[in-house]
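Topology and contacts: notes
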Amino acid sequence: MSKGNCLAGIDAGHVHTKAVIMRGAEILGYCTVPTGFDLVAAAQTALKDASDHAGISIGELGEIVGTGIFGDRIKGPSLNVTETVPEYMADAKGALFLNRNSRTVIDVGGNIHKAVRYDQRGGLLDVIQNDKCADGLGIFYTNMAKAMGLSEEELSELALKSTQSLSLAIQCALSAESDAIDLLCQGNDIADVADAVSKIVAERVADMCTYLELTKEVVVAGGLAKSQAMIKHLERLIKQDVSVLNLPEYVGAIGAVMSHEGGK
Amino acid sequence: MIEQDYASVKKPLDWKKAKAIVAGVDVGAASSKTVILVDGQPYAVSHVTTRVPKEAALKAMNAALAKAGLTLEKIHYIVGTGRGKAQVTFARETLSEVACGAAGAVRVWGPSVRTVLDAGAQSCKVIHCTEKGRATAFLWNDKCAAGIGRSMEVFADLAKKEVSEIGNIALQSDQFPKLSDFCAVYAQSEALDLMRSNVPPEQVIAAYHHAMAKRISILVGRAGLKEDFVVIGGLAKNPGVMGPLESILKVSRLASKPEWDPTLIPALGAALFADAFYRRQQSGPY
């Protein structure tokens, strides 16, 4: 492979750091690692593993573009990040790349959820982010799966089998967790509680979306996009069909690559 | 806090000659505990992770029984307690975790105990009690202060540390930024933001522990603190929270008993009630 052809994008998030390797419009490799405290180490590991996945060496990479909440922190001599782009911009570019017809992306991450509206070239039109009381939705979802002894996939699968509709407090993830534990302690079916967990996440995301015009096509990104149960509730609440992006958690990293040199 | 499951025999007693074999089962939000008493003496204990409360109750009971070489039919009386007490379907009686926490604490630390802080995974409560271990008053956390114990585990995950080591890391730092101490969601989010502003990990960890200690201290302050003071529940094992808590409250708690895991105390209390109920039943008028 010729050197300089490949570009890397790193999305350093609150909970996970994602790296993607691309050549033109082709995604060669990707990898996700927990962020932890050492952001640079996490970015290095993600980049190394993504390169391995792509079957190239880090030396063969051209530019590395950073984004995400910690995007600026991974710049530095140890990691040759040449450029960083704001996460909203990366979200728009990434979502548009993954779905050419999309005009709005709802990104449900570990600590923050946001929605971005953009034009046919990925130019930003509008942005909304959750208020602080709704922080940590993704962390909450992961945590609930763990508390119930399930993987996140199993939680979603179980939730889809729910037969009885239960509800959790709308206020915050903390109250919601407390309510979910109570529902379990009252002997409710675990599938119904899993459904309630998926529903409250969708409710918080839908609440946020009322502040923004959702121009079609609406796509969903972020790790929680993989929860079919959450998507089902979200579609009902925002009264629109949404499509889940392929590789939803990599939208930022892909968008970082796509934004390289102003998106060309 | 979620920890390793375990079961052990406290004292090698001969239950075959015993008059009263009883058990207390405490189904908590994160873990379920069982204590078996033989003629009033602690015999076997267990501690298992709660996933589905109904299954956890049975799992905790069976773990202790297996360790003790006993079967469920041999137990004369079982009392259930904890948030999931309704799921201890094999219990004769269920009691509040407030009553059980006080009874267990006085049994372990003695009659001088007047205030018990039960700092568990999902709830915190302050219990006042008599020298006989009878709870006289209590204050339960409001919803906004729920989940402090469990949030420690989530926080440890985010920091890529073990929940058992994170409390000691917190003690390594004297100076740290202040976080929201009203809401654990805010505190968690602010801690994540501190990482972005290049604050050293041990300072972020210390800041988070201090915020949680402050939150608990407000509850204790509202309930009123009478000495002697003891702490039970999973957070009692976290020096990063307990240290700041004691200094904010300007009080020292009675030292933890090495022979008693502080998470087992309400289950012990439930077992003590089971013992009393069984004896009363045996001596009662027929």
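**Comments concerning the overall build of chain A**
When you go through chain A residue by residue, the secondary structure sums to eight helices and 10 strands. Its C-alpha atoms give chain A a radius of gyration of 19 Å, within 12% of the compact-globule value 18 Å for 264 residues. Reported as C-alpha extents along the three principal axes, the dimensions of chain A are approximately 60 × 35 × 30 Å. Taking all contacts inside chain A whose residues are at least 6 apart in sequence as the whole, residues at least 24 apart take part in 67%.

**A closer look at the sheet that holds strand E4 (residues 61–67) of chain A**
Residue and element names in this part refer to chain A. The strand order E3-E2-E1-E4-E5 describes an open sheet built from five strands, whose pairing is mixed. A strand with exactly one partner marks an edge of an open sheet, and here the two such strands are strand E3 (26–34) and strand E5 (81–84). Neighbour-to-neighbour, the strand axes of the sheet open up by a mean angle of 20°, direction not taken into account. In this structure, strand E2 (residues 16–23) lies alongside E3, joined through eight bridges in antiparallel fashion. When the sheet's bridge partners are listed, Arg-23 is paired in E3 with Glu-26. On the sheet, helix H1 (residues 39–54) packs against strand E1 (6–12), E2, E3 and E4 and is oriented at approximately 145° with respect to E3.

**Some remarks on the sheet that holds strand E6 (residues 104–108) of chain A**
Residues and elements named next belong to chain A. Reading across the sheet, the five strands line up as E8-E7-E6-E9-E10 and stay open at both edges, with mixed pairing between neighbours. A strand with exactly one partner marks an edge of an open sheet, and here the two such strands are strand E8 (124–129) and strand E10 (242–244). Direction aside, neighbouring strands of the sheet carry axes that sit 20° apart on average. With five bridges connecting them, E6 and strand E7 (residues 113–118) associate as antiparallel partners. Note that in E7 the partner of Asp-107 across the bridge is Lys-114.

**Looking at the domain arrangement of chain B**
How big an interface is tends to be reported as the loss of accessible area on association of its parts. Residue and element names in this part refer to chain B. Each domain of chain B was delimited in the assignment, giving domain 1 (1–110 + 256–286) and domain 2 (114–253). Put simply, the middle of domain 1 and the middle of domain 2, counted by C-alpha atoms, are 26 Å apart. Each partner contributes residues to the interface: domain 1 has 21 residues there, and domain 2 has 25 residues. Taken together, the elements giving at least two residues each to the side of domain 1 that touches domain 2 come down to helix H2 (97–109) and helix H8 (265–283). With 10 residues, H2 is the single largest residue contributor to the side of domain 1 that touches domain 2. Looking at the side of domain 1 that touches domain 2 residue by residue, the classes come out as 14 nonpolar, four polar and three charged.

**Considerations on the pairing of strand E8 (residues 124–129) of chain B**
Residues and elements named next belong to chain B. Counting buried residues in E8 gives six out of six residues, a clear majority hidden from the surface. In E8, alternate side chains face the same way, and those of Cys-124, Val-126 and His-128 on one face and Lys-125, Ile-127 and Cys-129 on the other are all buried. Where strand E7 (residues 115–119) lies against E8, five bridges are found, and the strand directions are antiparallel. Looking at E8, one finds that Ala-119 is bridged to Cys-124. Joining the antiparallel neighbours E7 and E8 is a turn of four residues. Pairing analysis gives five bridges linking E8 to strand E9 (residues 135–140), with the strands arranged antiparallel.

**Things to note about the domain arrangement of chain A**
All names here are of chain A. In terms of domain boundaries, chain A breaks down into domain 1 (6–89 + 251–263) and domain 2 (101–244). For domain 1 and domain 2, the distance between their C-alpha centres works out to 26 Å. Across the contact, eight residues belong to domain 1 and 13 residues belong to domain 2. By residue class, the composition of the side of domain 1 that touches domain 2 is four nonpolar, four polar and no charged.

**A word on the interface of chain B and chain A**
With 26 residues of chain B at the interface, the matching set in chain A holds 29 residues. Listing elements by their share of the side of chain B that touches chain A, those giving two or more residues are helix H1 (53–68), helix H3 (148–158) and helix H5 (184–196) of chain B. With eight residues, the single largest contributor to the side of chain B that touches chain A is H5 of chain B. Classifying every residue of the side of chain B that touches chain A by side-chain character gives 14 nonpolar, six polar and six charged.

**Overview of the packing of helix H4 (residues 163–170) of chain B against helix H7 (residues 239–249) of chain B**
All names here are of chain B. It is at 6 Å that the axes of H4 and H7 come closest, and there the two elements cross at 40°. Relative to H7, H4 is oriented oblique. Only Pro-239, Gly-240 and Val-241 of H7 make contact with H4, whose side of the interface consists of Ile-166, Gly-167, Asn-168 and Ala-170. Class assignment for the residues of the contact of H4 with H7 results in four nonpolar, three polar and no charged.

What counts, and where the lines are drawn
Residues numbered from 1 in each chain as written. Chains lettered and ligands numbered in written order. Predicted model: local features only at pLDDT ≥ 70, side-chain atom pairs only at ≥ 80, totals over all residues. Helix = DSSP H or I, 4+ residues; strand = E, 2+ residues; numbered from the N terminus. Rg over C-alpha atoms; globule rule 2.2 N^0.38 Å. Contact = placed C-beta atoms within 7 Å. Pairing = 2+ DSSP bridges. Axes fitted to C-alpha atoms, helices over the stretch in contact; angles between N-to-C directions. Domains from an automatic or database assignment. Nonpolar A, V, L, I, M, F, W, Y, C, P; charged D, E, K, R; others polar. Buried ≥ 20, exposed ≤ 12 C-beta atoms within 10 Å, placed from the backbone. Parallel < 35°, antiparallel > 145°, perpendicular 65-115°, else oblique.

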